[in-house]
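Structural characterization, general
Here is what each chain is made of, one letter per residue.
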Amino acid sequence: MSANRKGDRRERELVNELDAAGFAVMRAPASGSATERDLPDVLAGDGDRFYAIEAKSSAGDPIYLSGEEVESLIYFARNFGAKARIAVRFDREDWYFFHPGDLHVTDGGNYRVKKETALADGEDLDALVGHSTQARLDES
């Protein structure tokens, strides 16, 4: 399967998961190539939270985003009134979400997410959509 087809499938998967979580959601499938405008891969909102999301997936290698991709996402999100998020998914793992400012910036000005970073520090879908509950140590 080509990388583009796999990326498209992953974006549709993310859209379906956000929809199941009660969000109004749309995918901009040609966001990277068919327009001069800065568009995120996915827009999602539930009346309280609004996200502009750049989605990336990988078999296991680190995920890289160009500085331009991230700047475009931030620009669009700010103008649209949404929170910018980078969504990453590694094979056989869930989606994890990052604020662009929380990503590692390489010496060349690109952004990188390693699998172990996603698993340790990424926000999962339940937390993103407000469905997670925090367990306290003093609760029995």
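Placed above this text is the structure.
Rules and cut-offs
- Residues numbered from 1 in each chain as written.
- Predicted model: local features only at pLDDT ≥ 70, side-chain atom pairs only at ≥ 80, totals over all residues.
- Heavy atoms only, no water.
- Phe/Tyr/Trp six-rings, centres within 6.5 Å; stacked < 30°, edge-to-face > 60°.
- Helix = DSSP H or I, 4+ residues; strand = E, 2+ residues; numbered from the N terminus.
- Buried < 20%, exposed > 50% of the residue type's maximum accessible area, 1.4 Å probe, protein only.
- Core = buried A, V, L, I, M, F, W, Y, C linked by side-chain atoms within 4.5 Å.
- Contact = heavy atoms within 4.5 Å.
- Lys, Arg positive; Asp, Glu negative; His and termini not counted.
- Salt bridge = Lys/Arg side-chain N within 4 Å of Asp/Glu carboxyl O.

Turning next to the packing of aromatic side chains. Scanning the entire structure with this criterion turns up 2 aromatic pairs. Relative to phenylalanine 80, the ring of phenylalanine 76 lies with its centre 5.3 Å away and its plane at 15°, an arrangement referred to as stacked. Of the two residues, phenylalanine 76 and phenylalanine 80 both sit in helix α2 (residues 67-80), 4 residues apart, roughly one turn of that helix. For phenylalanine 80, a relative accessible area of 49% translates into the label partly exposed.

Take the nonpolar core next. Ranked by internal contacts, the top residues of the largest apolar core, which has 19 residues, are Ala52, Leu65, Ile86, Val88, Phe98, Leu103 and Ala118. Apart from the residues lying within four places of it in its own chain, the contact partners of phenylalanine 98 are Ala84, Arg85, Ile86, Val88, Leu103, Val113, Thr117, Ala118, Asp121 and Gly122. Formed by 16 residues, the second largest nonpolar core is a distinct cluster that contains Phe23, Val42, Trp95 and Leu125.

So, about the side chain of arginine 85. Relative to the helices and strands, arginine 85 is located in strand β5 (residues 83-90). Notably, arginine 85 is buried but unbridged: the nearest opposite-charge side chain belongs to glutamate 123, and the N-O separation is 4.2 Å. Excluding residues that lie within four positions of it along the chain, arginine 85 makes contacts with Tyr51, Ala52, Ile53, Glu54, Leu73, Phe98, His99, Glu123 and Leu128.

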